[in-house]
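Below are the chains, spelled out letter by letter.
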2 protein chains.
Amino acid sequence: MDAQNELKPYVIGLDLGGTNSVFGIVDSRGEIKATTAIKTQIYENVDDYVAASVEALQVIIDQVGGIDKIKAMGIGAPNGNYYNGTIEFAPNLKWGHDGVVPLADLFSKALGIPVALTNDANAAAIGEMTYGVARGMKNFIVITLGTGVGSGIVVNGQLLYGSDGFAGELGHVVVRPSNGRACGCGRKGCLEAYCSATGVARTAREFLATREDASLLRELNPEDITSLDVAIAAGKGDEMAKEIFDFTGELLGEACANFAAFSSPEAFIFFGGLTKAGDLIMKPILKGYNEHVLNIYKGKAKFLVSALDGSSAAVLGASAVGWDL
Amino acid sequence: MDAQNELKPYVIGLDLGGTNSVFGIVDSRGEIKATTAIKTQIYENVDDYVAASVEALQVIIDQVGGIDKIKAMGIGAPNGNYYNGTIEFAPNLKWGHDGVVPLADLFSKALGIPVALTNDANAAAIGEMTYGVARGMKNFIVITLGTGVGSGIVVNGQLLYGSDGFAGELGHVVVRPSNGRACGCGRKGCLEAYCSATGVARTAREFLATREDASLLRELNPEDITSLDVAIAAGKGDEMAKEIFDFTGELLGEACANFAAFSSPEAFIFFGGLTKAGDLIMKPILKGYNEHVLNIYKGKAKFLVSALDGSSAAVLGASAVGWDL
């Protein structure tokens, strides 16, 4: 393998997001040698998307010495299925929401190299294990807190894919079985409806509508409030904003207590925009966890924030999937 | 290994229960060649328990040709920790409830053979994978419905032990976060408080106390009602008894829907006394699951009942842990 890595020292990583598709060419030490990006959603169909990707990629491929230097490609994508290399019914992708898109195959044919694909949260977990805070860990759970809540679960040193490639959808564990919030998945009470960035904004609107106390958030149009607004207000000492993070974190910690009863991980690793709130979110997570976890797990798991930079972590995670090919 | 198996063709399996400890000598095809049993709880301390076990075992060991024919021993025990070979704080064991008992070591020293120990539900899972309905499956969850609710989770063909050996305590996932029933673990709303045999009896008492309709169960002293009484009444067509099973099964199915979001198993396999109720419990499980599971998992998982005979399954499962040594 070392000999082969000398001949083909790079892999391509693609972090396929709802807005941007970020490509990086990565070496075996996790150094990103070149990057490029295209908009994900301006293409009518997946063939146009792949063609535009390959055109953008060609520039950075040439920079590192041509396609012969590239061993493989790894893709992290929403609703990505590792077993099939497909994106399946991804609600937020214009060209992927109502069917099964064989994206790994399409890129493999267009580039002439092996391509592996996994879901974006799994890619983040592989990135953490290969280059981040989970190096050396064999049992951990990555929870991504973005527009939605995703997860990548590693057990016995391996990513948990389950029987169909779709294991680890912890954002859709129901945490409030009665009177739960409607979730984008069509059900009610999912973790994602509370602890995603959009969940935080919903909590803000609920608090504003049902409470009377003053808050900096009252200066904003409720419909426009984002989790960033809440973080900024909390940073200024706004009590309601801090309580919104308390509510979010404690519920997330309570959910993690249930997850511990499943895989008893060494660490929970949080990733994504909401983690920028730091202690505002992490302290309530720990509080909720300690209040709800079964005795035998108490005090065992670490609660960590990803130390990898957001977009490069996703590209690195995707590239790590490629190295495994 | 085959050569070694010819020299040492047997392992000892021990199903260590709160009432009985059942021993079997098992060959590599899963045939039980000899069995014996002792009472688990009549001994003041673990040394006396091990001594009595060895005395009983000696008889059946001699029957198969002596200790030289025995490769190893496997134990399935409540609160068993595979990593350490210990029983830790087992609430229902007189000589094991307030500390860490190095049971594998004690048996290994007494018998002079390697001994492995795992929790009883994990032993059931290994038994199903080695000899039962899970043969050939790589991702499944065994749920034991007895006095408590236990679980053994298999992913990628391996038992999930987690970072500390205590993964897979699905009986203590909180399914009713508000107004949940008190659980023996000291928390509220655990699956075990509803879907164990004792949970079924509690449901019966609740229904009897809060409803007015006639039922065969009203002929019994509420405090003495067992899950078996409920099953017998349901078998006679008693409506309330059937609704008790509906309630139990639907809640269990709802919980399984959340478990699917974790490991997306090929099958859920139910094991233990309550499964004897057959369709009375299995149909509501499936109904609850289908009503609550995320779209991407719908219609994928099988719902199976263990086909292994109760006590021999546990012994076989324990023995399978020994074969791995």
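In what follows, the structure referred to is the one given above.
Participant: Even after reading the chapter, I still don't get the overall build of chain A, so can you show me in this structure?
Facilitator: The helix and strand tally for chain A stands at 10 helices and 13 strands. Taken against the 2.2 N^0.38 rule, which gives 20 Å for 325 residues, the C-alpha radius of gyration of chain A at 20 Å falls within 12% of a compact globule. Along the first, second and third principal axes, the C-alpha set of chain A runs to 65 × 45 × 35 Å. Residues classed as buried in chain A amount to 58% of the 325 residues present. Long-range contacts, defined here as pairs at least 24 residues apart, represent 61% of the contacts in chain A between residues at least 6 apart. On chain A, roughly 13000 Å² of surface is accessible, and the fraction owed to carbon and sulfur atoms is 51%. Averaging the coordinates of the 26 positive side-chain charges in chain A and doing the same for the 37 negative ones gives two points 5 Å apart.

Participant: Help me understand the relation of the copies chain A and chain B, please; the structure alone is not making it clear to me.
Facilitator: Of the transformation superimposing chain A on chain B, the axial component is 0.0 Å and the angular component is 180°, with the fit at an RMSD of 0.0 Å. Viewed as a symmetry operation, the transformation between the two copies matches a two-fold axis. Both copies contact each other with a shared surface, as 100% of the interface residues of chain A are interface residues in chain B too.

Participant: Is there a simple way to explain the pattern of salt bridges in this structure?
Facilitator: Pairing of side chains with opposite charge becomes possible as their charged atoms draw close. Residue and element names in this part refer to chain A. Taken as a whole and assessed by the stated rule, the structure comprises 26 salt bridges over all chains. Residues R29 and D27 are paired through a salt bridge, measuring 3.5 Å at the closest nitrogen-oxygen approach. According to the relative accessible area criterion, R29 is exposed, its value standing at 63%. A residue is classified by how much of its surface remains accessible, and D27, at 6% relative accessible area, is buried.

Participant: Please clarify how the interface of chain A and chain B should be interpreted in this entry.
Facilitator: In many reports, interface size means the accessible area that the parts give up when they come together. With 41 residues of chain A at the contact, the number on the chain B side is 41 residues. Taken together, the two surfaces of chain A and chain B that pack against each other cover about 3200 Å², and 56% of this comes from carbon and sulfur. Contact with chain B buries surface across chain A, with N258, F262 and L294 of chain A losing the most and accounting together for 21% of the total. At the boundary of chain A with chain B, the tally comes to 2 salt bridges. A salt bridge links D164 of chain B to K300 of chain A; the nearest nitrogen and oxygen atoms lie 2.8 Å apart. Our enumeration of links across chain A and chain B arrives at 20 residue pairs in polar contact (both at pLDDT 80 or more). If you tally residues by element for the side of chain A that touches chain B, the top one is helix 8 (residues 239–263) of chain A, at 6 residues.

Participant: Help me understand the state of the cysteines in this model?
Facilitator: The bond known as a disulfide is covalent and runs between the sulfur atoms of two cysteines. Residues and elements named next belong to chain A. Here the structure, examined in full by the defined rule, presents 0 disulfides over all chains. In this model C256 remains outside any disulfide bridge; the closest cysteine sulfur is found in C195, 8.7 Å from its own. On the basis of relative accessibility, which here comes to 0%, the residue C256 falls in the buried class.

Participant: Help me understand the sheet that holds strand 10 (residues 149–155) of chain A in this model?
Facilitator: For sheets, the rule is that strands pair by backbone hydrogen bonds, running either parallel or antiparallel. All names here are of chain A. One open sheet accounts for 5 strands, arranged 11-10-9-12-13; its pairing is mixed. The open sheet is flanked by strand 11 (158–159) and strand 13 (302–305), the only strands paired with a single partner. Along the sheet, helix 4 (residues 120–131) makes contact with strand 9 (140–145), strand 10, strand 11 and strand 12 (267–271), crossing strand 10 at roughly 50°.

Participant: So what exactly am I meant to see when it comes to helix 9 (residues 279–292) of chain B here?
Facilitator: In an α-helix there are 3.6 residues to a turn, and that puts residues three or four apart on one side. Residue and element names in this part refer to chain B. In this model, helix 9 (14 residues) spans 19 Å end to end at C-alpha, consistent with the 20 Å of a helix rising 1.5 Å per residue. I281, M282, P284, I285, G288 and Y289 are the residues of helix 9 that are buried. Contacts from the buried residues of helix 9 go to helix 8 (239–263), strand 12 (267–271) and strand 13 (302–305).

Participant: Even after reading the chapter, I still don't get the pairing of strand 10 of chain A, so can you show me in this structure?
Facilitator: Along a regular strand, successive side chains alternate from one face of the sheet to the other. Residues and elements named next belong to chain A. Where burial is concerned, most of strand 10 is hidden: 7 out of the 7 residues are buried. Burial along strand 10 is two-sided: the face carrying V149, S151, I153 and V155 and the face carrying G150, G152 and V154 are both buried. With 6 bridges joining them, strand 9 and strand 10 adopt antiparallel strand pairing. Looking at the pairing, F140 lines up with V154 of strand 10. The turn joining strand 9 and strand 10, which pair antiparallel and follow one another in sequence, is formed by 3 residues. Across 2 bridges, strand 10 lies against strand 11 in antiparallel orientation. Its bridge partner being in strand 11, V155 is matched across the sheet by Q158. Two successive antiparallel strands, strand 10 and strand 11, enclose a turn made up of 2 residues, where N156 displays a positive phi of approximately 50°.

Participant: Just checking my understanding: could you explain the packing of helix 7 (residues 227–235) of chain A against helix 8 of chain A for this structure?
Facilitator: When two helices pack together, you describe them by how their axes are tilted relative to each other and by the distance separating the axes. All names here are of chain A. Relative orientation of the contacting elements helix 7 and helix 8 amounts to 120°, with a least axis distance of 7 Å. Taken together, the axis directions place helix 7 and helix 8 in an arrangement best described as oblique. In this structure, helix 7 crosses over helix 8, and the sense of that crossing is left-handed. Contacts between helix 7 and helix 8 pair S227, V230, A231, A233 and A234 from the former with A241, K242, I244 and F245 from the latter. Among the residues forming the contact of helix 7 with helix 8, the class breakdown is 7 nonpolar, 1 polar and 1 charged.

Participant: Can you help me understand the environment of G180 of chain A in this one?
Facilitator: Residue and element names in this part refer to chain A. Considering the arrangement of structural elements, one finds G180 in the loop between strand 11 and helix 5 (192–195). For G180, a relative accessible area of 15% translates into the label buried. What G180 contacts, discounting residues up to four positions off in sequence, is K188, G189 and Y194.

Thresholds applied
Residues numbered from 1 in each chain as written. Chains lettered and ligands numbered in written order. Predicted model: local features only at pLDDT ≥ 70, side-chain atom pairs only at ≥ 80, totals over all residues. Heavy atoms only, no water. Helix = DSSP H or I, 4+ residues; strand = E, 2+ residues; numbered from the N terminus. Rg over C-alpha atoms; globule rule 2.2 N^0.38 Å. Buried < 20%, exposed > 50% of the residue type's maximum accessible area, 1.4 Å probe, protein only. Contact = heavy atoms within 4.5 Å. Areas by Shrake-Rupley, 256 points an atom, 1.4 Å probe, with all protein chains shown as cover. Lys, Arg positive; Asp, Glu negative; His and termini not counted. Charge placed at Lys NZ, Arg CZ, Asp CG, Glu CD. Least-squares fit on C-alpha atoms with pLDDT ≥ 70 in both. Salt bridge = Lys/Arg side-chain N within 4 Å of Asp/Glu carboxyl O. Buried area = accessible area lost by both parts, 1.4 Å probe. Polar contact = N/O pair within 3.5 Å; in protein donor to acceptor, adjacent residues only side chain to side chain. Disulfide = S-S within 2.5 Å. Pairing = 2+ DSSP bridges. Axes fitted to C-alpha atoms, helices over the stretch in contact; angles between N-to-C directions. Expected span 1.5 Å × (residues − 1). Parallel < 35°, antiparallel > 145°, perpendicular 65-115°, else oblique. Left-handed = near helix turned anticlockwise from the far one by under 90°. Nonpolar A, V, L, I, M, F, W, Y, C, P; charged D, E, K, R; others polar.

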